[in-house]
Every structure is written in C-alpha cells, then in structure tokens.
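# Architecture at a glance
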Amino acid sequence: KAGVTQTPRYLIKTRGQQVTLSCSPISGHRSVSWYQQTPGQGLQFLFEYFSETQRNKGNFPGRFSGRQFSNSRSEMNVSTLELGDSALYLCASSFQADLYEQYFGPGTRLTVT
Amino acid sequence: AQSVTQLDSQVPVFEEAPVELRCNYSSSVSVYLFWYVQYPNQGLQLLLKYLSGSTLVKGINGFEAEFNKSQTSFHLRKPSVHISDTAEYFCAVSENAGKSTFGDGTTLTVKP
C-alpha cells in the first residue's frame, strides 16, 4: 500500500505571497492532519479533517486554512506569507479516527524569503 | 490540556550501549502514547504505541517503552544501539483522534 504523499517536497516563496500544499493519504484513510515543524517551536498541530469536515484546529492565525476533498486528499493554504512561516509541513493520515495512530508523509519544506 | 516533556534534548551514546530516552506527559483524561523517529529530511515514523493493555510495549528496530501511569511517564529504551539509530525521537500524546501533542524531541547520537 502506498504511503502518505505530499507535494511539492520543496517550495520557495516570497513574503506576501500565498501557497497551497497537497497531501494524499493512504488509501482508505479518512482522517488527515497537518502539522508545522520548526526548530524553535517544534511540532505544532494545525488542523485535522475527517470526511471533508474540519474536526480539530490548532492555535494558528486565519492565514492558515485547509480543506479535504471527497477522495480524502487534503490541501493546506497559507496566505500572506511571513518569514516565520518557513517550516517543514507534515501531513498525517489515520484509517479510523478513533485509533489515534497517524502515518506521516515526508513533508513539504517551505522557505519564505 | 495535554503536554509532553522530553527530559533530554540530546543523548550521546556509544554503539552497542543501552539507551533510555525519557518522556513525561500530563493530561486530564486517558491518553494514547506514541514514540516516533525522524531521520534527516524525512517525515515521522511510528516506533511504538500504547493504547491499552500491557504497560510494556515493544516496537520496531528493537525499541520498547514502558507506560507508568502513576509517574505519568513513557520512557523509550533499547538494550543495544547501532549507528543507524542516530536520529531525532519524538514522544507524543493524543487525547483526540487526529490530533497529537509532541514533545520537543531528543536527538540520539550513536558514536562508534
């Protein structure tokens, strides 16, 4: 079974621009979560989608948004990029939401200049 | 609110020596506990998990962890490490499905 895939793997954007990251979960997984990883803040939870509905949300500004499609693929959007948004963005999927076990993708490395 | 504290930010150890990476957590409800490993420029790989049952959990690559409810700890151990175990290790706790809280990570460096 293919693992979680994220595209693109690397991205360079300029401050003020917006960006969209994509995540394809493992086949059959319906829950998709997003995390931001930075050296200073560590791994922080952004949000989680299950069956196209956002169920959990972390403490990030409204510039960070996401959505999930009917095939469980998810996208994350960051508008008006700031230098501090430079990070590794990780996506994770779960087969059944109540199992709590998450499978992570390789991440998208976003650099904001 | 849940939180995770990894007590050591860096752990250097010689090859074939035993190692313990310490993790304490706090939560107001029952939780599920996990250890993940991250190699450079990669995502997180699940090492082991505690959901219920036996408090001694065995995972991949020879790692094991013990859940101690009274001490709210979930320490990771390996009796003999290899150079290839050099990586960053994260302890995580989950109260809600799809949302985990991670510790700051422990960098394990195995020296020859």
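A few points on the structure.

### Some points on the overall build of chain A
In terms of regular secondary structure, chain A is built from zero helices and eleven strands. Counted from the first residue to the last, chain A has its helices and strands arranged as β-β-β-β-β-β-β-β-β-β-β. On C-alpha atoms alone, chain A measures out to a radius of gyration of 13 Å, which is about the 13 Å that the 2.2 N^0.38 rule sets for 113 residues. Each of the three principal axes of chain A carries a C-alpha extent, and together these read 40 × 25 × 25 Å. By residue count, 50% of the 113 residues in chain A fall in the buried class. Sequence-distant contacts in chain A: of pairs separated by 6 or more residues, those separated by 24 or more amount to 54%.

### Re the interface of chain A and chain B
In this complex, chain A contributes 22 residues to the contact, which on the side of chain B involves 20 residues. It is Leu43, Tyr100 and Phe104 of chain A in chain A that bury the most area against chain B; as a group they hold 37% of the surface buried on that side. Inspection of the region where chain A meets chain B yields one salt bridge. Elements supplying a minimum of two residues to the side of chain A that touches chain B: strand S4 (31–38), strand S5 (42–50), strand S6 (53–57) and strand S9 (87–94) of chain A. Per-element accounting of the side of chain A that touches chain B gives the leading share, four residues, to S4 of chain A. Partitioning the side of chain A that touches chain B into residue classes produces ten nonpolar, six polar and six charged.

### Quick word on empty space enclosed by the protein
This structure, assessed with the given rule, holds one cavity of 30 Å³ or more. There is about 50 Å³ of room inside the largest cavity. Here the residues of the lining of the largest cavity sort into three nonpolar, three polar and two charged.

### Side note on the packing of aromatic side chains
For the structure on display, the rule yields 13 aromatic pairs over all chains. Ring centres of Tyr35 of chain A and Phe45 of chain A lie 5.6 Å apart, and the angle between their planes is 65°; this geometry places the pair in the edge-to-face category. With Tyr35 of chain A in strand S4 and Phe45 of chain A in strand S5, this residue pair connects regions lying ten residues apart in the sequence. Since its relative accessible area comes to 0%, Tyr35 of chain A is described here as buried. On the accessibility criterion, Phe45 of chain A (8% relative accessible area) is buried. Ring centres of Tyr36 of chain B and Phe102 of chain B lie 5.7 Å apart, and the angle between their planes is 50°; this geometry places the pair in the tilted category. You can see Tyr36 of chain B sitting in strand S5 (residues 32–38) and its partner Phe102 of chain B sitting in strand S11 (residues 99–102), a full 66 residues away along the chain. For the pair Tyr36 of chain B and Phe102 of chain B, one class covers both residues: buried. Site record: aromatic cluster; members linked through ring pairs are Tyr35, Phe45 and Phe104 of chain A together with Phe34, Tyr36, Phe90 and Phe102 of chain B. The residue whose ring lies beneath Arg55 of chain A is Phe50 of chain A, and the NZ or CZ to ring-centre distance is 4.6 Å. Positioned above the aromatic ring of Phe14 of chain B, the side-chain terminus of Lys111 of chain B is 4.8 Å from the ring centre.

Conventions and cut-offs
- Residues numbered from 1 in each chain as written.
- Chains lettered and ligands numbered in written order.
- Predicted model: local features only at pLDDT ≥ 70, side-chain atom pairs only at ≥ 80, totals over all residues.
- Heavy atoms only, no water.
- Helix = DSSP H or I, 4+ residues; strand = E, 2+ residues; numbered from the N terminus.
- Rg over C-alpha atoms; globule rule 2.2 N^0.38 Å.
- Buried < 20%, exposed > 50% of the residue type's maximum accessible area, 1.4 Å probe, protein only.
- Contact = heavy atoms within 4.5 Å.
- Buried area = accessible area lost by both parts, 1.4 Å probe.
- Salt bridge = Lys/Arg side-chain N within 4 Å of Asp/Glu carboxyl O.
- Nonpolar A, V, L, I, M, F, W, Y, C, P; charged D, E, K, R; others polar.
- 1 Å grid on protein atoms, 1.4 Å probe; cavity = no way out; pocket = protein on both sides within 12 Å on 5 of 7 lines; lining within 4 Å.
- Points joined across faces, edges and corners; volume = space filled by probe spheres on them.
- Phe/Tyr/Trp six-rings, centres within 6.5 Å; stacked < 30°, edge-to-face > 60°.
- Lys NZ or Arg CZ within 6 Å of the ring centre and 35° of its normal.

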